[in-house]
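A closer look at the structure
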Amino acid sequence: MWQWRDEYFESLRTVASQASEHSEWAGYFSYCSQLEQGLRKPALSTLKSFISSLSSQPFVARKAFVGWLLPIAATSRASHMLVPHPLWQDLVRPTVVEWLAVEPNSLEAHRWARIYARA
């Protein structure tokens, strides 16, 4: 049966599969998997734990995740599910801002700042 959100759920499955290849992103994998199953409240709780865990990691670890996720989200209709507000506010935005400070000539950082790091 076709549902209007099938494309969104397929995006979540695809991203979850890719995230599962990185043990340090297991929380994000779980978030995508739970959300794809319709378990919104547990998914957001899992995401909160993931954000807390990754936020305490060094910049290079946060940059690796953000640099992997944002190109996928930028081309997906499900970007609001892949980068929900808590993830944007508490991990993506601060990481992009720091990325600009650390690598001010990075075109990639400027691209994400223009798209994702708005105030």
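For the structure itself, consult the block above.
First, a word on what this report is: a plain description of the structure on this page. (Residues numbered from 1 in each chain as written. Predicted model: local features only at pLDDT ≥ 70, side-chain atom pairs only at ≥ 80, totals over all residues. Heavy atoms only, no water.)

What to know about helix α2 (residues 26–36)
What α2 keeps buried is the set Y28, Y31, C32, S33 and L35. Looking one or two places after α2, you find G38, whose phi comes out positive at around 90°. (Buried < 20%, exposed > 50% of the residue type's maximum accessible area, 1.4 Å probe, protein only. Helix = DSSP H or I, 4+ residues; strand = E, 2+ residues; numbered from the N terminus.)

Concerning the pattern of salt bridges
Under the definition given, this model contains two salt bridges. Notably, a salt bridge pairs E98 with R62, separated by 2.9 Å at the nearest N-O pair. Of this pair, E98 sits in helix α6 (residues 85–102) while R62 sits in helix α4 (residues 59–74), placing them 36 residues apart in sequence. You can call E98 partly exposed: its relative accessible area is 28%. Given the relative accessible area of 11%, R62 is considered buried. (Salt bridge = Lys/Arg side-chain N within 4 Å of Asp/Glu carboxyl O.)

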